[in-house]
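Take a look at the letters that make up each chain.
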Amino acid sequence: MSQKEKTGPPDPFGYGNKKIGPNGDVGWVEYILLSTNSEFNYQKFASILGVNPKDIRDAVNDYVLAMKKMACEILEMLAEGLKIHPKNVFSKLLMDEKSDSLFRLNHYPPCPDELQEYNGRNLIGFGEHTDPQIISLLRSNNTSGLQISLVDGHWISVPPDQNSFFINVGDSLQVMTNGRFKSVKHRVLANSVKSRLSMIYFGGPPLSEKIAPLASLLIKGDQDSLYKEFTWFEYKNSAYKSRLADNRLVLFEKVV
Ligand SMILES: C=C1C[C@]23C[C@@]1(O)CC[C@H]2[C@@]12CC[C@H](O)[C@@](C)(C(=O)O1)[C@H]2[C@@H]3C(=O)O
Ligand SMILES: O=C(O)CCC(=O)C(=O)O
Ligand SMILES: [Fe+2]
């Protein structure tokens, strides 16, 4: 067992190899998942963070701070676009010191041709899913693999660009905007030649935050609300009982 694997399995934080989440999902990926919370105990993961864990922690904190700032700017533009006042309705959830946000580093090693052939089709690096939080900001190296699903079920490849960010709406933003913004299904296919590296900031609300469509976006009071109210804690608990590809929002849809 490698030094990295000795620290595992992730709980959900820490180092993970091939196993994604607690319910049997697998992918051609190794990763580190960390909480961005200031109370998060980095010491526990010291052995996977290289020779100087403090340097890594400081670098992650700097990166996360910059991502949070950009995420807040984007969320404020989205609120303005929907004519929501005040425009910080979404961004204040990320600014909250109890914001439940994450940082993830994914490494997709090149996948041997024999394995791709054995599998008969492209091996999955990270299976299809939507992100549960409010917003995700992803940056990768110049290796392809990321795809998004269109409503008709077709998969479209996202051109890799190390100088661009790929922004994903999360399930919680879909609920708060009563479906105006959609959390798009995405996945990663393994690449047979090059390693793909990606890092993602997942901006989430505090655990106690009530998630529901914003009243100002409802035309007929509560009647056209598509979702029941839930706390982020409840949604997260439910997400961790689900498989990656499950539609996690169905349980929270209003039945008409
Ligand atoms: C299979 C799972 C992994 C995941 C938790 C879950 O039970 C369902 C949601 C998954 C996901 C997808 C987006 C993010 O990468 C992630 C960290 C998240 O918040 O939800 C992962 C979870 C994980 O890997 O722990
Ligand atoms: O690694 C990628 O490019 C995407 C990974 C992803 O969607 C996730 O970690 O939630
Ligand atoms: Fe994702």
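Preceding this section is the structure that the text describes.
Notes on the structure follow. Computed from a predicted structure; not experimentally measured.

This part is about the overall build of the chain. Along its length, the chain carries 6 helices and 12 strands. Relative to the 2.2 N^0.38 estimate, which gives 18 Å for 256 residues, the radius of gyration of the chain is 19 Å and therefore close to what a compact globule would have. Across its three principal directions, the C-alpha atoms of the chain cover 55 × 45 × 35 Å. Looking at the chain as a whole, 45% of its 256 residues qualify as buried. Carbon and sulfur atoms form 56% of the exposed surface of the chain, whose accessible area is close to 13,800 Å². Looking at charge distribution, the chain has the averaged site of its 30 positive side-chain charges lying 1 Å from that of its 29 negative ones.

Turning to the site of ligand 1, a few remarks are in order. Every one of the 19 residues lining ligand 1 counts as a neighbour, but Arg104, Gln133, Ala239, Tyr240 and Ser242 are closest to it. Between ligand 1 and Gln133, the relevant distance is 2.8 Å, taken from an oxygen atom to a side-chain nitrogen or oxygen of the residue. A distance of 3.3 Å is found between an oxygen atom of ligand 1 and a backbone nitrogen or oxygen belonging to Ser242. Summarising the interface, the protein chains cover 98% of the accessible area of ligand 1, which totals 470 Å² for the free molecule. Split by residue class, the shell around ligand 1 holds 11 nonpolar, 4 polar and 4 charged.

Within the sequence span of helix H6 (residues 232-239), burial applies to Trp232, Tyr235, Ser238 and Ala239. All buried residues of H6 lie within an arc of 130° about the axis, which places them on one face of the element. Buried residues belonging to H6 abut helix H5 (171-176), strand S11 (210-211) and strand S12 (230-231).

We now examine the sheet that holds strand S7 (residues 155-157). Spatially, S4-S9-S6-S7 is the arrangement adopted by the 4 strands of the open sheet, whose pairing is antiparallel. The open sheet is flanked by strand S4 (124-129) and S7, the only strands paired with a single partner. Across the sheet, the axes of successive neighbouring strands diverge by a mean angle of 25°, strand direction being ignored. Bridge analysis of S4 against strand S9 (residues 186-189) gives 3 bridges, and the strand direction is antiparallel. Considered in S9, the bridge of Ile124 is made with Leu189.

Criteria and cut-off values
- Residues numbered from 1 in each chain as written.
- Chains lettered and ligands numbered in written order.
- Predicted model: local features only at pLDDT ≥ 70, side-chain atom pairs only at ≥ 80, totals over all residues.
- Heavy atoms only, no water.
- Helix = DSSP H or I, 4+ residues; strand = E, 2+ residues; numbered from the N terminus.
- Rg over C-alpha atoms; globule rule 2.2 N^0.38 Å.
- Buried < 20%, exposed > 50% of the residue type's maximum accessible area, 1.4 Å probe, protein only.
- Areas by Shrake-Rupley, 256 points an atom, 1.4 Å probe, with all protein chains shown as cover.
- Lys, Arg positive; Asp, Glu negative; His and termini not counted.
- Charge placed at Lys NZ, Arg CZ, Asp CG, Glu CD.
- Near = heavy atom within 4 Å.
- Polar contact = N/O pair within 3.5 Å; in protein donor to acceptor, adjacent residues only side chain to side chain.
- Nonpolar A, V, L, I, M, F, W, Y, C, P; charged D, E, K, R; others polar.
- Arc of directions from axis to C-beta.
- Contact = heavy atoms within 4.5 Å.
- Pairing = 2+ DSSP bridges.
- Axes fitted to C-alpha atoms, helices over the stretch in contact; angles between N-to-C directions.

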